[in-house]
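Understanding the architecture of this molecule
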Amino acid sequence: MNSVLVIDDDARMLKLIKDYLQDIYDVYPIKSGPQALDFLKDAKPDVILLDYQMPRMDGPSTLKEIRKIEGCEEIPVFFLTGMTEKEVVDECMEYRPRGYLMKPVARVELLRALDKIS
């Protein structure tokens, strides 16, 4: 595994995750679902970290569209969320992600999740 696409509307979260991973992976930070869909037309990352709650196009809607792109049907996706309500977690899992990580995610927890994919 070499590349990670991070989709989050929070610039601080994008920077934090990039700082966590850039020594190990090629990291592509993207600020919105529509921008990510454009990116995925030309590039196929090995894993996607996807914010659950974003304006305009939320994480679940973004994931539904990602799964429609040729070559992206099976890319492992982890939701990033600060929400702990059972309903939110259950909804996250309806979209067949590899899992979800609670924000703010610790570096060791993130690396552990990514190592399980390799």
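Going by the structure above, here's the rest.
Let us look at the structure shown here. Note that the structure is predicted; figures quoted are calculated from it, not measured. (Residues numbered from 1 in each chain as written. Predicted model: local features only at pLDDT ≥ 70, side-chain atom pairs only at ≥ 80, totals over all residues. Heavy atoms only, no water.)

Here's the deal with the pattern of salt bridges
- Overall, the coordinates contain six salt bridges when judged by the stated rule.
- Here R12 makes a salt bridge to D10, at a shortest N to O gap of 3.4 Å.
- Residue class for D10 comes out partly exposed when judged on its relative accessible area of 24%.
- One connected set of salt bridges, linked through shared partners, spans D8, D51 and K103. (Salt bridge = Lys/Arg side-chain N within 4 Å of Asp/Glu carboxyl O. Buried < 20%, exposed > 50% of the residue type's maximum accessible area, 1.4 Å probe, protein only.)

Remarks on unusual backbone geometry
- The omega torsion of the bond from K103 to P104 falls at -10°, within 30 degrees of zero and hence cis.
- For P104, the location among the structural elements is in the loop between β5 (99-102) and α5 (107-115).
- In this structure, R56 is a non-glycine residue whose phi angle is positive, near 65°.
- With a relative accessible area of 74%, R56 lands in the exposed category. (Helix = DSSP H or I, 4+ residues; strand = E, 2+ residues; numbered from the N terminus.)

Quick notes on the pairing of strand β2 (residues 26-30)
- Sheet topology note: the strand β1 (residues 3-7)/β2 ladder contains five bridges and is parallel. Each residue of the ladder has a partner; that of V6, found in β2, is P29.
- Handedness of the crossover is the feature at issue here: the chain leaves β1, passes through helix α1 (residues 11-21), returns alongside β2, and the resulting connection is right-handed. (Pairing = 2+ DSSP bridges. Right-handed = clockwise from strand over helix to strand, strands pointing away.)

Focus: the packing of helix α2 (residues 33-42) against helix α3 (residues 59-66)
- In contact at an axis separation of 10 Å, α2 and α3 are set at 20° when each is read in the N-to-C sense. For the element pair α2 / α3, the angle class is roughly parallel. Crossing of α2 over α3 shows right-handed handedness. Between α2, through G33, L37 and L40, and α3, the contact on the second element is made entirely by T62, E65 and I66. (Axes fitted to C-alpha atoms, helices over the stretch in contact; angles between N-to-C directions. Parallel < 35°, antiparallel > 145°, perpendicular 65-115°, else oblique. Left-handed = near helix turned anticlockwise from the far one by under 90°. Contact = heavy atoms within 4.5 Å.)

Examining the pairing of β5
- Side chains of β5 alternate between two faces, with G99 and L101 buried and Y100 and M102 left unburied.
- The pairing of strand β4 (residues 77-81) with β5 spans four bridges and is parallel. Counterpart to F78 in the pairing with β5 is G99.

Section: the sheet that holds β1
- Ordered by their spatial adjacency, five strands build an open sheet running β2-β1-β3-β4-β5, and the pairing between neighbours is parallel. On the outer flanks of this sheet lie β2 and β5, each paired with one strand and no other. When the angles between neighbouring strand axes are averaged without regard to direction, this sheet yields 20°.
- Taken together, the four bridges between β1 and strand β3 (residues 47-51) define a ladder with parallel strand orientation.

Purely geometric numbers; function is a separate question.
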